[in-house]
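Here's the letter readout for the chains.
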Amino acid sequence: MKIILIIVFILISSCSTNKVVKNHGTSFIKNKSKDLVVNKSNKNDVIKILGEPSSKSNFDKNIWFYIEQKKQNKSIIKLSKKDTILCAKYRKGHFEGVLNVMNRLLSIVKSKHVYMGEKDFQQYMLIKRILGKKYKINIVGCPTIRENNKIALSTRNKLLNKSYIKKASKIAIKLDKLKKLSKMNKFVDLSKSKYELENKFKIKIDYLEFRDEKKMKLDNFKSKYRLFIAYHINGVRLIDNF
């Protein structure tokens, strides 16, 4: 009796840990193949236990291939209503995409620390709160680095000519002053400031808001807070916080 060489392929089509929803090909190869005994099981035993092979070798008919594919549900992270603020309000689906990509990455790369820039503070806080807790990873915020003209470093700055860079610089200086005024317990009318900035510099502001750092609550001056802005200048969208 010839010995049959059986090659088993198991394909996993997702990194999710959710329950398997569909099986294609030969189901549960790993469990069933345990019932086969080398040098004792024959072709009939193999077919009885695993069924007909998915394919046979063109060079040796005694080499059989069994293929199993498992389809699993994807683990999708969705933002809650309270998180749909700032950029999440104006860029629908953006942070869900970032969180799901990071979720896959952190499930594979077993890091202890992840460093993220605070320029996109909302993104940093979402990943810290949702994924930092899930994987017990220390998500470290890295302070924003600025040019001498107060503009936050960003590759998007390269899309602006010198004239618009000067405008962006004046906007950053103005916002820094507004934050300092608020810390001096002076009332800052952001609605008025938004109107003045848009008209003076010919920009479109998506949001200009004070929010606390921990829970991102609006106008919460009892905790440590920041002034957040997103605006369009000559077709380029810039974000910043102070």
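Colleague: Sorry, what's going on with the environment of Q122 here?
Modeller: As for its position among the elements, Q122 is in helix α5 (residues 121–135). For Q122 and I85, which are 37 residues apart along the polypeptide, the C-alpha to C-alpha distance reads 9.0 Å. The residues contacting Q122, other than those within four sequence positions of it, are D83, I85, L86, C87, A88, F95 and M216.

Colleague: Help me out: how do you make sense of the nonpolar core in this one?
Modeller: Side chains of a nonpolar character, in soluble globular proteins, are inclined to be buried together. In this structure, L99, M102, V114, I127, L131, I139 and Y207 are the most contacted members of the largest nonpolar core, which totals 26 residues. If you list the elements that add at least two residues to this core, you get α3 (86–90), α4 (94–108), β5 (113–117), α5 and β8 (225–233). Top element by residues in this core is α5. It accounts for 6 residues. Contacts of M102, omitting those with residues within four sequence positions, involve V114, I127 and L131. In this structure, L160, I171, L178 and L197 belong to the second largest nonpolar core, which totals 23 residues.

Colleague: It is not clear to me how the packing of aromatic side chains should be interpreted in this structure. Could you clarify?
Modeller: The way to describe two aromatic rings as a pair is by their centre distance and the angle between their planes. Across all of its chains, the model carries 6 aromatic pairs by this definition. Ring geometry for F121 versus F228: centroids 5.9 Å apart, planes at 50°, classification tilted. Of the two residues, F121 is situated in helix α5 and F228 in strand β8; the sequence distance between them amounts to 107 residues. Comparing F121 with F228, the two get one shared label, buried. Ring centres of F221 and Y225 lie 5.0 Å apart, and the angle between their planes is 90°; this geometry places the pair in the edge-to-face category.

Colleague: Any chance you could explain α5 here in plain terms?
Modeller: An α-helical turn contains 3.6 residues, so any two residues separated by three or four positions project in the same direction. Between the first and last C-alpha of α5 there are 20 Å, a value that for 15 residues agrees with the 21 Å anticipated at 1.5 Å per step. Bending of α5 peaks at approximately 30° at the position of K128. Tucked inside the fold, the buried residues of α5 contact α3, α4, β5, β6 (138–142), β8 and β9 (236–241). Taken from the residues just after α5, K136 is the one with a positive phi, measuring 55°.

Colleague: Mind showing me how you'd approach the pairing of β5 here?
Modeller: For a regular strand, side chains alternate in direction, first toward one face of the sheet and then toward the other. Only one face of β5 is buried: it carries V114 and M116, and the other face, with H113, Y115 and G117, is open. Taken together, the 5 bridges between β5 and β6 define a ladder with parallel strand orientation. Within β6, the residue paired with H113 across the bridge is N138. Assessed by its sense of winding, the connection that carries the chain from β5 through α5 to β6 is right-handed.

Colleague: Got a minute to help me understand the sheet that holds β8 in this structure?
Modeller: In any sheet, the strands associate via hydrogen bonds between backbone groups, in a parallel or an antiparallel arrangement. Read from one edge to the other, the open sheet built from 3 strands follows the order β7-β8-β9, with strand pairing classed as antiparallel. Each of the sheet's edge strands pairs with one partner strand only, and the pair in question is β7 (204–212) and β9. Neighbouring strand axes in the sheet, compared pairwise and without regard to direction, differ in orientation by 10° on average. Pairing of β7 with β8, which is carried by 8 bridges, proceeds in the antiparallel orientation. Each bridged residue has a counterpart across the sheet, and for E209 the counterpart in β8 is F228.

Conventions used here
Residues numbered from 1 in each chain as written. Predicted model: local features only at pLDDT ≥ 70, side-chain atom pairs only at ≥ 80, totals over all residues. Heavy atoms only, no water. Helix = DSSP H or I, 4+ residues; strand = E, 2+ residues; numbered from the N terminus. Contact = heavy atoms within 4.5 Å. Core = buried A, V, L, I, M, F, W, Y, C linked by side-chain atoms within 4.5 Å. Buried < 20%, exposed > 50% of the residue type's maximum accessible area, 1.4 Å probe, protein only. Phe/Tyr/Trp six-rings, centres within 6.5 Å; stacked < 30°, edge-to-face > 60°. Expected span 1.5 Å × (residues − 1). Bend = angle between axes of the 7 residues up to and from the residue. Pairing = 2+ DSSP bridges. Right-handed = clockwise from strand over helix to strand, strands pointing away. Axes fitted to C-alpha atoms, helices over the stretch in contact; angles between N-to-C directions.

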